[in-house]
Amino acid sequence: MKTNLLLKRLFVAFLFLAVSTVTWAYNFEIGGIYYNINENGTSVTVTTGLSKYTGSVNIPSSVQYNDVTYSVTAIGTRAFYECTDLTSVTIPNSVKSIAWQAFMKCTNLNSVNIPEGITTITERLFESCVSLSSITIPETVTTIEQYAFNGCDGLTSIVIPDAVVTVANNAFYYCTGLTSVTIPNSVTSIGGNAFYGCI
C-alpha cells in the first residue's frame, strides 16, 4: 500500500513538473527574432522564443548563422501568438507561407503587410487583433480560411482580391466595425456566417 501511495505521489509530482516546464523550440535568435531551420537546410521559419515580440518587428528576407545564409520563407504556428505589445510587422516577399494563429490575440497590432506569394490566409490568423485597422490582401491569395479575421473590430473595409475563390465559414466573424466589403467575381464559395456579427 505504501509503495503504491509513494508511486502515485511521484507520478503526480512528475506530471506537475512536466506541465509547468516550458520548452522553447528554436534553433537560433538574431536581432530579437527566433528561427527554426527547415528540413531543406537552406531556409528558416520565424517562430516563438524566450521573449514575446514587442513594438515594430521587421522580418529580414535572409539571415546568417554559423557562416550559413538562410532565406526566411515562413512564419510558424503561433509565432506571434498573444504578443500584446506588438504594434506592427513587416514581412518580406521571401515569406511564402504564414501558419495558422500566427498573429492571434495580438491586441495592439495595427499594421501588417501580407507579401505577394502568400496563397492562403490561414485559420484564425488574425483572430482577436482588435486594433488592426486596415490590411491589404495580395493578389496571390486564393483562399481565406475560417475565423481568419474573427473579432477584428478595427477593420472598416476589406477588398478581396481577384484570385480568391473561397471565403470560408466565419472568415470575418464579428468584425463589428466593417462597413465595406468588395467581393470579386472569382469568388465561388462564401461559407456560413462569413460576415456574422458585422453590425
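Residues numbered from 1 in each chain as written. Predicted model: local features only at pLDDT ≥ 70, side-chain atom pairs only at ≥ 80, totals over all residues. Heavy atoms only, no water.

**Observations concerning the overall build of the chain**
Here comes step 1: Each helix and strand counted, the chain has 1 helix and 15 strands in total.
Here comes step 2: A buried classification covers 38% of the 199 residues belonging to the chain.
Here comes step 3: For the chain, contacts bridging at least 24 residues in sequence account for 33% of all contacts bridging at least 6.
Here comes step 4: Summing over all exposed atoms, the chain offers an accessible surface of approximately 10,400 Å²; the carbon and sulfur share of this is 53%. (Helix = DSSP H or I, 4+ residues; strand = E, 2+ residues; numbered from the N terminus. Buried < 20%, exposed > 50% of the residue type's maximum accessible area, 1.4 Å probe, protein only. Contact = heavy atoms within 4.5 Å. Areas by Shrake-Rupley, 256 points an atom, 1.4 Å probe, with all protein chains shown as cover.)

**What about the side chain of Thr-47?**
Here comes step 1: Structurally, Thr-47 can be placed in strand β3 (residues 43–47).
Here comes step 2: Residues in contact with Thr-47, not counting those within four places in the same chain, are Ala-25, Tyr-26, Tyr-34, Tyr-35, Asn-36, Tyr-53 and Ala-79.

**A short note on the sheet that holds strand β13 (residues 166–167)**
Two strands in a sheet stick together by hydrogen bonds in their backbones, pointing the same way (parallel) or opposite ways (antiparallel).
Here comes step 1: Taken together, the 4 strands give an open sheet; going across it, the order is β10-β11-β13-β15, and neighbouring strands pair in parallel fashion. Because the sheet does not close on itself, it has two edges, and the strands there are β10 (120–121) and β15 (189–190).
Here comes step 2: When strand β11 (residues 143–144) meets β13, the two strands line up parallel, connected through 2 bridges. In the strand pairing of β13, Thr-143 is matched with Thr-166. (Pairing = 2+ DSSP bridges.)

**Some words on the environment of Ser-189**
Here comes step 1: In this structure, Ser-189 sits in strand β15.
Here comes step 2: With a relative accessible area of 32%, Ser-189 lands in the partly exposed category.
Here comes step 3: A C-alpha to C-alpha distance of 6.6 Å links Ser-189 and Val-165, two positions 24 residues apart in sequence.
Here comes step 4: Setting aside its immediate chain neighbours within four residues, Ser-189 contacts Val-165, Thr-166 and Val-167.

**Let's talk about the pattern of salt bridges**
A side chain of one charge can pair with a side chain of the opposite charge if their charged atoms are brought near each other.
Here comes step 1: With the rule as written, the count across this model stands at 2 salt bridges.
Here comes step 2: A salt bridge links Arg-124 to Glu-123; the nearest nitrogen and oxygen atoms lie 3.9 Å apart.
Here comes step 3: For Glu-123, a relative accessible area of 22% translates into the label partly exposed. (Salt bridge = Lys/Arg side-chain N within 4 Å of Asp/Glu carboxyl O.)

**Some points on the nonpolar core**
Here comes step 1: Within the largest apolar cluster, 51 residues are counted, with the highest numbers of intra-cluster contacts made by Ile-75, Phe-80, Phe-103, Phe-126 and Phe-149.
Here comes step 2: Breaking this core down by element, the ones donating at least two residues are β2 (33–37), β3, β6 (68–75) and β7 (86–90).
Here comes step 3: Once you skip the residues sitting within four places of it in the chain, Ile-75 turns out to touch Thr-45, Val-46, Ile-59, Phe-80, Ile-91, Val-95, Ser-97, Ile-98, Ala-99, Ala-102 and Phe-103. (Core = buried A, V, L, I, M, F, W, Y, C linked by side-chain atoms within 4.5 Å.)

**A look at the sheet that holds strand β9 (residues 111–112)**
Here comes step 1: Judged by pairing direction, the sheet is parallel, and its 3 strands sit side by side in the order β4-β7-β9 without closing on themselves. Each edge of the sheet is formed by a strand with only one pairing partner; in this case those strands are β4 (55–58) and β9.
Here comes step 2: As judged from the 4 bridges shared by β4 and β7, these two strands associate in the parallel manner. Note that in β7 the partner of Val-57 across the bridge is Val-89.

Coordinates in, geometry out; function isn't part of it.
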